[in-house]
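# A structural walkthrough
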Amino acid sequence: MAPFGRRDAMGFITALRERPPEGVGEIKPLGRVIDAEPLFGAELIRLLDWTADYYMASLGETCSVAYPFELNAKPRMVKVVLLDDSVRDSADLTGAATSEPQRRVLEFLINQKALLSPSEIAREAGVSEGVLKTLQRRGLVRMQSREALRIPVFSYQSNERAGLDLTTEQTEALARIETALGEPSPKPILLRGVTGSGKTEVYLRAIESVLGQGKTAMALIPEISLTPQTMDRFRSRFGDQVGILHSALGQGERYDEWRMVKQGRRRIIVGARSAIFAPAPDLGLIIVDEEHESSYKQSDPSPRYHARDLAVVRASLCGALCILGSATPSVESMQNARAGKYEEIRLTQRIAKHGMPEVNLIDLRGRPEEEEILSEELMQGLWSRVEAKQQSILFLNRRGFSTTLTCSQCGHIISCRHCSVALVYHRAANQLICHHCDYREPMPNDCPNCAEKFIRQRGFGTEKVVHLLEERIPGVRVIRLDRDAARRKGDHDRLLTPFRRGEADVLVGTQMIAKGLDFPNVTLVGIINADFSLALPDFRAAERTFTLLTQVAGRSGRGAHPGEVFIQSYSPDHYSIQLALKQDYDAFFEKEIRYRRLIGFPPYSRLVLWRVEAESEDVARGKAWELYSVLAEGLKGQPEVTLLPPVEAPLYRLRDHYRWQLALKSRDYRAFRPLLNSQELQRVLYARRAGYRIVQDVDPSDML
C-alpha cells in the first residue's frame, strides 16, 4: 500500500533499485508491504512485462489481471478439535473420562482421522458442546484454528477410463509430442484433429509425461460451460492434482485455488483465458484447446491480450511446450504452421466407428414461412430421434423470442434508448430487452410512434425455437442453454447434467453449445440459421462461419450411432458454407488466405484499433480526428504503414456513448512500434479527460 494523492492505493513491486530515478526529488515512504513473500516468480514477471509492453497497457493493470483479488481476500479459518498430545500417548485414553458423554467424545476422536469442528463432533458423538469445553479445561482436548479450503464442486460424472487404447494416429502424435517435451526450447505444436478424433486423450497422455518429469501443466479452455466436463475428465485421471481458475468461481474459491497452484499443490491448472497468468512453478506444458476461439481475446478492461498468443510467449520464456489444438485452426495459426514457426500434427479420423456425420444443406430460399425456423427435413429428423430415444442439438446464435418488433403501419422499429440496436422480445419475461446494455421495457400494446395496433414480431431466437418444438412434437423434453438461462454460478452444469443423463431429447442453445461438448447419444445436429455470422461487417466473418458450422456439426455421431447434420441457409452458395458441408478445412484455408493477402489483413499485417467513445456525438467525432492527426504526423515518411481514417463503428451507439474508430495496419509490427511509444501519442491517450475515453486494442479480434 502506498500514499497516492489523498488516498492509499495498492501497487505491485516488480523490481528494486538502489537510488531514485534521475530528476525525482522527495520520495514518500510506503504505507506497508502486504505480502510476506512474492506473488509472482521471475518467469511470470517476464511474461507480465512482455504483456504490458506488447498490448500497450500499464504494468499495474497487467499485474492486476494476474492477481485479481480484493485486499480482504484471505484463507478461511475454522476451529477444529484435537486430542492433546500429552493425552494421545496415554495407554488408557477413555479412562480419563469422568462421564459417559466424555468417554463417547474421546472414543470418537481416537477413531476419527479427519479434522472436525466442535459442532460436528458434538453432533456425531451425540453430546452437547459443553462436554467439549469441559474436556478442554481438563487438558484432554485442545481447540485450534486450521485453514479450510474452498474447493469448487462439479456434479458432472464421467465414464472416463484410464488407459484407453490409442489409435495409430494418436500414438504417432503422442510420440512426436513426447520428443518435443524432451527438447530445451520446443517449437509450438498445432494439433489439428477433426471433431471426435481424440485430441483430449492426447492431451491427457502428454500431461502424464510432463508430470513424470516433475513439472506442471496448464490447459486453457475457451468456455466456462465446458468446465464440469473438462474437470471431470482431468480429475478422473489425475485426482486432486487438478486445479481450476476462472472468473465464475467465488472469490474465496479462486483465491484458494490460486494459492494451491503457487504452492505446487495443484500440478495441473485448467481454466479460461486469465488462467494463463497462473503462478504455476516449473511449467512444462501449456495446452490451448479450441485455439481458434475468439473468447481467448480479452476485450475490456486493459490489457486486451489474447491468451493463445500469450501461451506461445509464456512457453517460450520458460522452455515449455505449447500445444494449440483445434479441428478448425485460426487462419493465423495455420499460416504459422505453413511458415514453419509451428509444427503441425494431424488427426484425420474419428474414434467413433461411424466416422464423420452426414451433412445436409437445406436451401431456405422460396420455402413457406412455417419452414423458416424448422424445415420439413429437420422436423422429420427430430421426430425420428425422439422415437428412437436418441438426442438432438439445435444451434441458433440468437437469444429471445422475436429479434425485431416493427409497426406494419408506419415502419417504426422499437429500439434501445441507449444503444443503436433493436430491442429483442423475451416471452418468458414478457419484456423487450437490449442484449448490449440490458435496458428493459414492457411489451407495448400500441406502436410508440403512431399509436396504431400494428406491431409485428419478426425474426426469432432460442425461446421461439423451444416454443415451436413443444408445439409440434407433443411431449418432447427440451433444454435451452443461452445467457438468459445460465445467468448464475453453476447454471451451465445444472442445465447440461439432465441432458447428459438422457433426461431430455433436445438441447437448444447459442454458441455455448458449439464447442467441446461430448454427448455420445446425440445423433442429430440442426443449424437453424447458418447466415447470421456472415452478415457481420468484419473481415473474419467467413472464417467464423466456417468454424462455427464445422464445430457445431462435430457434436453429432460421437457414440454408438451414426450422426446427421442439417444446415439451413439463405446463402447456400457461399464458400464458407459449401466447404463446411464437406468439412474441408484445407480448401477453406487456401481460399481465405488468398482473400486476406489481397486485402492486406491478418495474417499478412498487424492491426492496432483505436475507438473513441463519448456521450456527445460531436466530441467522439472530433477526438477521433484529433487522434488521427497525431498518428498521421507520426507516420510521415513510413509508406509501409497504412492509417485507416476515422469512421463510425458498426455498433455506433452503445450505453449512451457514440463510437468512432480508426486503425492502422502494417506487415511489420516494428514499423509503427516507435509511434505507439511516442510521447505525443501517450499525451493524447492518457490526457485527463471528461465525457470520453479512448480504447487502444493491439491485434483486435473484430472491428465491431
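Before going further, it helps to spend a moment on the pairing of strand β5 (residues 189-193). Here β5 lies mainly inside the structure; five of its five residues are buried. Of the pairings in the sheet, the one linking β5 to strand β10 (residues 321-326) comprises four bridges and is parallel in character. Counterpart to Ile189 in the pairing with β10 is Ile323. Here β5 pairs with strand β11 (residues 343-347) via five bridges, running parallel. Counted as the bridge partner of Leu191 is Ile345 from β11.

On inspection of all chains with the given rule, the structure shows zero disulfides. The thiol sulfur of Cys63 is not disulfide-bonded, and the nearest other cysteine sulfur, from Cys318, lies at 18 Å. Since its relative accessible area comes to 1%, Cys63 is described here as buried. Note on Cys434: no disulfide assigned, nearest cysteine sulfur contributed by Cys416 at a separation of 3.7 Å.

Quick look at empty space enclosed by the protein now. By the definition in use, this model includes three cavities of 30 Å³ or more. Roughly 110 Å³ of internal volume is contained in the largest cavity. Residue lining of the largest cavity: 13 residues in total, with Ala66, Pro68, Leu245, Trp258 and Ser274 positioned closest to the centre. Among the secondary structure elements, those contributing two or more residues to the lining of the largest cavity are α2 (59-66) and α10 (251-262). Considering only residue class, the lining of the largest cavity consists of nine nonpolar, three polar and one charged. Counted as a void, the second largest cavity has a volume near 70 Å³. Sorting elements by how many residues they give to the lining of the second largest cavity places helix α16 (residues 541-553) first, with three residues. Across the lining of the second largest cavity, the residue classes break down as six nonpolar, four polar and no charged.

Conventions and cut-offs
- Residues numbered from 1 in each chain as written.
- Predicted model: local features only at pLDDT ≥ 70, side-chain atom pairs only at ≥ 80, totals over all residues.
- Heavy atoms only, no water.
- Buried < 20%, exposed > 50% of the residue type's maximum accessible area, 1.4 Å probe, protein only.
- Helix = DSSP H or I, 4+ residues; strand = E, 2+ residues; numbered from the N terminus.
- Pairing = 2+ DSSP bridges.
- Disulfide = S-S within 2.5 Å.
- 1 Å grid on protein atoms, 1.4 Å probe; cavity = no way out; pocket = protein on both sides within 12 Å on 5 of 7 lines; lining within 4 Å.
- Points joined across faces, edges and corners; volume = space filled by probe spheres on them.
- Nonpolar A, V, L, I, M, F, W, Y, C, P; charged D, E, K, R; others polar.

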